[in-house]
Amino acid sequence: MDIKLTEAEKIKVLNSDDIYGVMQKILLREEKIDQNREHFWVIGLENNNRILFIELISLGTVNATLVEPMEVFSLALQKRAVKIMLCHNHPSGELQPSTGDKDITDRLIQVGRIVKTPVIDHLIISTRSYLSFENIGLMDTLRESTKYIPTYQLIQNIREESEQLIKEANKKAKETLKEKVKEADRKAKLKIAKELKSSGMEIESIVKFTGLSVEEVEKIRVRK
């Protein structure tokens with residue numbers, strides 16, 4: 001169900017407090033009996049983080065709600081949301097995420113990657129307060145999860161990481177070799193400069209011949 005928003009509610013979201021301010025009002029609009037059931041909403045955002053839409057995806061029981069990825073991303077794709085936020089309430093007022101809360105977020109993060117509509121946060125709310133997965137670092141943990149990544153994607157990720165490591169190793173090897181060649185060339189020039197200086201050649205002429213600096217040639221000690 002698409003939630004009707006006033007223009008004032010179509011705010012630019014700068015942080016989790018902003019979105020909670022809107023979602024708290026929406027939760028309080030619900031009938032008293034429905035406030036005692038879990039609601040799951042998806043919030044679509046524009047590129048500048050302005051709210052594009054809020055949709056109620058599921059209305060569950062007192063402690064659970066059923067959420068399907070297709071329902072979550074359907075409107076987001078239709079309305080071309082650039083990113084989405086998830087939000088659901090805990091009628092008990094207990095805001096700690098359950099295993100199920102983490103699991104569905106993990107799953108939706110992976111689906112969001114596939115359809116190129118990232119999930120940037122998940123809020124658990126009550127009528128008085130909220131918890132943000134992003135704020136407590138849980139989103140970062142779930143983004144690193146491989147539980148719902150398809151096998152082919154895992155293989156591709158490993159291959160890409162391996163190729164990147166090889167590129168970095170080759171780059172470092174080339175840089176090391178380049179430095180060694182440069183140092184060997186400098187040593188050879190210093191040796192030549194020493195011989196020329198010993199023969200009595202002027203410093204300016206040695207500089208032109210070897211490409212060394214005046215300071216480098218002046219520092220060369222020779223036997224008189």
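Shown above is the structure to which this text applies.
What counts, and at which threshold
- Residues numbered from 1 in each chain as written.
- Predicted model: local features only at pLDDT ≥ 70, side-chain atom pairs only at ≥ 80, totals over all residues.
- Heavy atoms only, no water.
- Helix = DSSP H or I, 4+ residues; strand = E, 2+ residues; numbered from the N terminus.
- Buried < 20%, exposed > 50% of the residue type's maximum accessible area, 1.4 Å probe, protein only.
- Areas by Shrake-Rupley, 256 points an atom, 1.4 Å probe, with all protein chains shown as cover.
- Pairing = 2+ DSSP bridges.
- Expected span 1.5 Å × (residues − 1).
- Arc of directions from axis to C-beta.
- Polar contact = N/O pair within 3.5 Å; in protein donor to acceptor, adjacent residues only side chain to side chain.
- Contact = heavy atoms within 4.5 Å.
- Salt bridge = Lys/Arg side-chain N within 4 Å of Asp/Glu carboxyl O.

*Asks:* Got a minute to help me understand the overall build of the protein chain in this structure?
*Replies:* Secondary structure summary: the protein chain contains 7 helices and 6 strands in total. Across the protein chain, helices and strands are ordered from the amino to the carboxyl terminus as β-α-β-β-α-β-α-β-β-α-α-α-α. In the protein chain, which comprises 224 residues, the share counted as buried stands at 36%. In the structure as shown, the protein chain presents an accessible area of about 14400 Å², 53% of it carried by carbon and sulfur atoms.

*Asks:* Help me understand the pairing of strand S2 (residues 39-45) in this model?
*Replies:* A regular strand carries its side chains on alternate faces of the sheet. For S2, a buried count of 7 out of 7 residues is recorded, marking the element as mostly surrounded by other parts of the structure. Alternating residues of S2 divide into His39, Trp41, Ile43 and Leu45 and Phe40, Val42 and Gly44, and every residue in both groups is buried. Where S2 lies against strand S3 (residues 51-59), 7 bridges are found, and the strand directions are antiparallel. Each bridged residue has a counterpart across the sheet, and for phenylalanine 40 the counterpart in S3 is serine 58. Hairpin geometry of S2 and S3 is characterised by an intervening segment of 5 residues between the two adjacent antiparallel strands and by a positive phi of about 75° at asparagine 49. Both S2 and strand S4 (residues 83-89) contribute to a ladder of 6 bridges, which runs antiparallel. Looking at S4, one finds that phenylalanine 40 is bridged to histidine 88.

*Asks:* Could you clarify how one ought to interpret helix H1 (residues 16-29) in this entry?
*Replies:* With 14 residues, H1 should cover 20 Å at 1.5 Å per step; its first-to-last C-alpha distance of 20 Å lies within 8% of that length. Buried within H1 are the following residues: Ser16, Ile19, Tyr20, Val22, Met23, Ile26 and Leu27. Viewed end-on, H1 has its buried residues packed into an arc of 165°, placing them on one side of the element. Its side-chain oxygen at 3.1 Å from the backbone nitrogen of aspartate 17, asparagine 15 defines the N-terminal cap of H1.

*Asks:* Which parts of the structure should I look at to understand helix H3 (residues 99-114)?
*Replies:* The periodicity of an α-helix, 3.6 residues per turn, causes residues three or four places apart in sequence to face the same way. If you check H3, its first and last C-alpha atoms are 23 Å apart, about what 16 residues at 1.5 Å a residue would give, namely 22 Å. Turning to H3, its buried residues number three or more, namely Asp101, Ile104, Thr105, Asp106, Leu108, Ile109, Gln110 and Gly112. Along its buried surface, H3 packs onto S2, helix H2 (69-78), S4, strand S5 (119-125) and helix H4 (138-143). Just downstream of H3 lies lysine 116, where phi reads positive at about 60°.

*Asks:* Just checking my understanding: could you explain the pattern of salt bridges for this structure?
*Replies:* When the charged atoms of two side chains with opposite charge come close together, those side chains can pair. Counted according to the given criterion, the structure contains 5 salt bridges. A salt bridge links arginine 143 to aspartate 140; its shortest N-O distance comes to 2.8 Å. A residue pair is termed a helical-turn pair when its members lie 3 or 4 positions apart in one helix, as arginine 143 and aspartate 140 do in helix H4 at 3 residues. Taking the relative accessible area as the measure of exposure, arginine 143 reaches 26% and is therefore partly exposed. Overall, aspartate 140 belongs to the partly exposed group, its relative accessible area being 42%. Taken together, the salt bridges that share partners define one network made up of Glu134, Asp140 and Arg143.

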